[in-house]
Amino acid sequence: MGIIAWIVLGLVAGLLANMLIPGRRSQGLILTCVIGIVGALAGGWIATRVFHVHTLNGFFNLSTWLTAIAGAAVLLLIFHLVSERSSSSRRSTRSRRSTRLFARR
């Protein structure tokens, strides 16, 4: 399968994975597509190495699509967890600062 097919597959897999994951989305469309492309490539690589499933057989193969969507979903979940954790630490730092300001007055 060519690189253009992997990019198209990753774009679609990223969008499908984004619809499958519940919750509020903090990333935009471009970042979702980039995560989808990386997830599709990573999912195909992991499936080949770990499960000895050859997902590079064709563009319209079901196993290719399933591994691409699964890889994109895993990366999107990781992205949500990391971005949520970093935003909560920023919020707690702000609340501590505002508490100190009000305590000094």
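Visitor: Now, about the overall build of the protein: what can you tell me, with residues and values included?
Guide: A count of helices and strands for the protein gives 3 helices and 0 strands. With 105 residues in all, the protein has 31% of them scored as buried. Within the structure as shown, the protein displays about 7300 Å² of accessible surface, and the carbon and sulfur contribution to it stands at 69%.

Visitor: Run through helix α2 (residues 29–50), naming residues and quoting values.
Guide: Residues spaced three or four apart along an α-helix point in a common direction, a consequence of the helix completing one turn every 3.6 residues. When the terminal C-alpha atoms of α2 are compared, their 30 Å separation across 22 residues agrees well with the 32 Å that a helix rising 1.5 Å per residue should span. Among the residues of α2, those classed as buried are Thr32, Cys33, Ile35, Gly36, Ile37, Gly39, Ala40, Gly43, Gly44, Ala47 and Thr48. With its phi angle positive at about 55°, His52 sits one or two positions after the end of α2.

Visitor: So what's going on with the confidence of the model for the protein? Which residues, and what values?
Guide: Confidence along the protein averages 77 in pLDDT terms, with 72% of residues attaining 70 or more. Here helix α3 (residues 62–104) stands out as the element of the protein with the lowest mean pLDDT, 74, in contrast to α2, whose mean of 84 is the highest.

Visitor: Please give an account of the nonpolar core that cites residues and values.
Guide: If you look at the biggest cluster of nonpolar residues, it comprises 13 residues, and the most contacted ones within it are Leu9, Ala13, Ala17, Ala68 and Leu76. If you list the elements that add at least two residues to this core, you get α1 (3–20), α2 and α3. It is α3 that contributes the most residues to this core, 6 residues altogether. In this view, Ala17 contacts Ile69, Ala72, Ala73 and Leu76; residues no more than four positions away in its chain are not counted.

Visitor: Tell me about the environment of Thr32, residues and numbers included.
Guide: Tracing the backbone through its elements, the reader meets Thr32 in helix α2. When its relative accessible area of 1% is taken as the criterion, Thr32 is described as buried. Taking the C-alpha atoms as reference points, Thr32 and Gly14, separated by 18 residues in sequence, lie 5.9 Å from one another. Apart from residues no more than four positions distant in its own chain, Thr32 is found in contact with Gly14, Leu15, Asn18 and Gln27. Polar contacts involving the side chain of Thr32 include one to the main-chain carbonyl oxygen of Gly28, which spans 2.8 Å.

Visitor: I'd like a description of a nonpolar patch on the surface, backed by residues and values.
Guide: A surface patch of nonpolar side chains, about 570 Å² in accessible area, is lined by Ile4, Ile7, Val8, Leu11, Val12, Leu16 and Met19. On the basis of relative accessible area, Ile7 is assigned to the partly exposed category, the value being 33%.

Visitor: Explain the environment of Gly36 to me, and be specific about the residues and the numbers.
Guide: Within the element layout of this structure, Gly36 appears in helix α2. Separated by 28 residues in sequence, Gly36 and Val8 have C-alpha atoms that sit 9.6 Å apart. When residues no more than four places from it in sequence are discounted, the contact partners of Gly36 are Gly10, Gly14 and Ala72.

Conventions used here
Residues numbered from 1 in each chain as written. Predicted model: local features only at pLDDT ≥ 70, side-chain atom pairs only at ≥ 80, totals over all residues. Heavy atoms only, no water. Helix = DSSP H or I, 4+ residues; strand = E, 2+ residues; numbered from the N terminus. Buried < 20%, exposed > 50% of the residue type's maximum accessible area, 1.4 Å probe, protein only. Areas by Shrake-Rupley, 256 points an atom, 1.4 Å probe, with all protein chains shown as cover. Expected span 1.5 Å × (residues − 1). pLDDT = per-residue confidence, 0-100. Core = buried A, V, L, I, M, F, W, Y, C linked by side-chain atoms within 4.5 Å. Contact = heavy atoms within 4.5 Å. Polar contact = N/O pair within 3.5 Å; in protein donor to acceptor, adjacent residues only side chain to side chain. Patch = residues over 30% accessible without salt bridge, like charges linked within 9 Å, V, L, I, M, F, W, Y side chains within 5 Å. Salt bridge = Lys/Arg side-chain N within 4 Å of Asp/Glu carboxyl O.

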